[in-house]
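Overview (structure and organization)
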Amino acid sequence: MGSKNPSSDENSFLESSRRDFLKTATTVAACLAVPKALEAEFAGALPTVSLGPHRVTRLIVGSNPIRGYSHFNPITNQQMVEWYTDERAAQVLLDCQKAGINTFQASYFQDRWERIWDLFHKKGGHLQWIYLTSAADIDPSGRHSTPEAIRDGQIAAMKTLVKHQPIAMVHHGGHTDTLWRAGKLDYLKTYIDKAHELGCLAGVSTVNPKILTTLEEEGFENDFYMAGVHNNERRPEEWMKEIGTVPVDEGWIASDPPRMAEAVRQVKKPALVYKVLSAGRKCQSEEQKREAIAWAYKNIKPIDAAIIGLYPRYSDQVTETVKMMQQALA
């Protein structure tokens, strides 16, 4: 499967997006719609793409820094948690909203998420929420190691947290990888059906390009994908085959982003790409960040968006990142 020039295929992508929209609007008729007043407020603030009946900005704010998940080490995790008080987290989300971002992609991190979300709304916040679901959201015991436990735990989390009105629910990438390895990818069909039943769009997250193209080729009825441009789910034997050794940490290699970007361009459904800054590894300078963001938008489809987590402890990353996105799309 060869690489495609995303700009040359824009018309076909837009046409397929129109067909997907009509299909989704029928399948997910009960999906929670953004109030017209908010749509008017968001219109023209930043470039947007369709996600079912919703318009989401092509820059979506992620939640990993807020919940202290750095993909570096426990010390960095703790520093993030200590800085990101509930008040600061709510304020950063408000800053994102003021800068034109209209969507927040977040996992559910127990009661702290609810405190932040409630405070954000009390301060006038109204971002759309894309919920990255996990079997551990309701039962954090760590007992979800089998495909069946993942399936049942995911359904329980979805049924419990739909009360917070996400516009979409997304199957966690780590869980997707476990189902893939066990030959149980069909369990995703139960997940997709449940999301639609609950009135939400259904997404599937993965860091493995092979899973992305398989879902598309086999006609899974998810509405969109979340695609991590770094595959940090490899097993030791896969690392040995890939680079001849096993990294001491998760492993972040330069050959991963082009592989995932090619897969993203091949699928017709929208994709929300993440880890475009390699979890902070491509933040050594403003120029490096700008180049990484520009590369991401250049190498995905016009109907796709990027999710970027922010940690504005040392600079105004909200404004900086929005400007870099605008420059990349200019």
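First things first, this report covers the structure right here in the doc. A quick note: this is a predicted structure, and the numbers were derived from the prediction, not measured.

Here we come to the side chain of Ser70. Structurally, Ser70 is set in the loop between strand E3 (59–62) and helix H3 (74–83). A polar contact of 2.9 Å, which involves the side chain of Ser70, links it to the backbone nitrogen of Phe72. Only 2.6 Å separates the side chain of Ser70 from the side chain of Asn77, close enough to count as a polar contact. Excluding its chain neighbours within four sequence positions, the residues that come into contact with Ser70 are Thr76, Asn77, Met80 and Ala279.

Right, let's get into the packing of helix H12 (residues 286–298) against helix H13 (residues 317–329). Running from N to C, H12 and H13 cross one another at 50 degrees; their axes reach a closest spacing of 9 Å. Taken together, the axes of H12 and H13 lie oblique to each other. Helix-helix and strand crossings are classified by hand; for H12 and H13 the assignment is right-handed. On H13, the residues touching Glu286, Lys289, Arg290, Ile293, Ala294 and Tyr297 of H12 are Glu320, Thr321, Met324, Met325, Gln327, Ala328 and Leu329. When the residues that make up the contact of H12 with H13 are grouped by side-chain class, the tally is seven nonpolar, two polar and four charged.

With that settled, the discussion passes to helix H4 (residues 86–98). Spanning 13 residues, H4 covers 18 Å between terminal C-alpha atoms, matching the ideal 18 Å at 1.5 Å per step. For H4, the set of buried residues is Asp86, Ala89, Ala90, Val92, Leu93, Leu94, Cys96 and Gln97. Looking at the packing, one finds that the buried side of H4 touches E3, H3, strand E4 (103–107), helix H5 (110–122) and H13. In the stretch just after H4, Gly100 is the one whose phi turns positive, near 110 degrees.

When you line up the elements, Lys301 lands in the loop between H12 and strand E10 (305–309). A distance of 3.3 Å separates a polar atom in the side chain of Lys301 from the backbone oxygen of Val267. Of note is the side chain of Lys301, whose polar atom sits 3.1 Å from the backbone oxygen of Lys269.

Along a regular strand, successive side chains alternate from one face of the sheet to the other. Side chains Ala168 and Val170 of strand E6 (residues 168–171) all project onto a buried face; the interleaved residues Met169 and His171 project onto the opposite face, where all are buried too. With four bridges connecting them, strand E5 (residues 128–133) and E6 associate as parallel partners. Of the residues in E6, the one forming a bridge with Leu132 is Val170. Each parallel crossover has a hand, and for E5 linked through helix H6 (residues 147–161) to E6 it is right-handed. In this sheet, strand E7 (residues 201–206) lies alongside E6 in parallel orientation, the contact comprising four bridges. Bridging from a neighbouring strand, Met169 pairs with Ala202 of E7.

Bringing the pairing of E3 into the picture now. Across the two faces of E3 the burial is the same, with Leu59 and Val61 and Ile60 and Gly62 all buried. Bridge analysis of E3 against E10 gives four bridges, and the strand direction is parallel. Residue Val61 lies in a different strand from E10, and its bridge partner there is Ile308.

Within helix H8 (residues 187–197) the residues assigned to the buried category are Tyr187, Leu188, Tyr191, Ile192, Lys194, Ala195 and His196. Looking one or two residues past H8, Gly199 carries a phi angle of roughly 85 degrees, positive in sign.

Okay, the packing of aromatic side chains next. Enumeration according to the criterion identifies 11 aromatic pairs in this entry. Measuring from ring centre to ring centre gives 5.7 Å for Trp83 and Tyr311, while their planes differ by 90 degrees; the resulting arrangement is edge-to-face. In this pair, Trp83 is assigned in helix H3 and Tyr311 in the loop between E10 and H13, connecting sequence segments 228 residues apart. Taken together through their ring pairs, the aromatic side chains of Phe104, Tyr108, Trp113, Trp117, Phe120, Trp129 and Tyr131 make up a single cluster. Lying over the aromatic face of Tyr187, Arg151 brings its terminal NZ or CZ to 4.6 Å of the ring centre. For Arg234, the ring lying beneath its charged end belongs to Trp239, and the centroid distance is 4.6 Å.

Parameters and conventions
- Residues numbered from 1 in each chain as written.
- Predicted model: local features only at pLDDT ≥ 70, side-chain atom pairs only at ≥ 80, totals over all residues.
- Heavy atoms only, no water.
- Helix = DSSP H or I, 4+ residues; strand = E, 2+ residues; numbered from the N terminus.
- Polar contact = N/O pair within 3.5 Å; in protein donor to acceptor, adjacent residues only side chain to side chain.
- Contact = heavy atoms within 4.5 Å.
- Axes fitted to C-alpha atoms, helices over the stretch in contact; angles between N-to-C directions.
- Parallel < 35°, antiparallel > 145°, perpendicular 65-115°, else oblique.
- Left-handed = near helix turned anticlockwise from the far one by under 90°.
- Nonpolar A, V, L, I, M, F, W, Y, C, P; charged D, E, K, R; others polar.
- Expected span 1.5 Å × (residues − 1).
- Buried < 20%, exposed > 50% of the residue type's maximum accessible area, 1.4 Å probe, protein only.
- Pairing = 2+ DSSP bridges.
- Right-handed = clockwise from strand over helix to strand, strands pointing away.
- Phe/Tyr/Trp six-rings, centres within 6.5 Å; stacked < 30°, edge-to-face > 60°.
- Lys NZ or Arg CZ within 6 Å of the ring centre and 35° of its normal.

No statement about biological role is implied by the geometric values presented.
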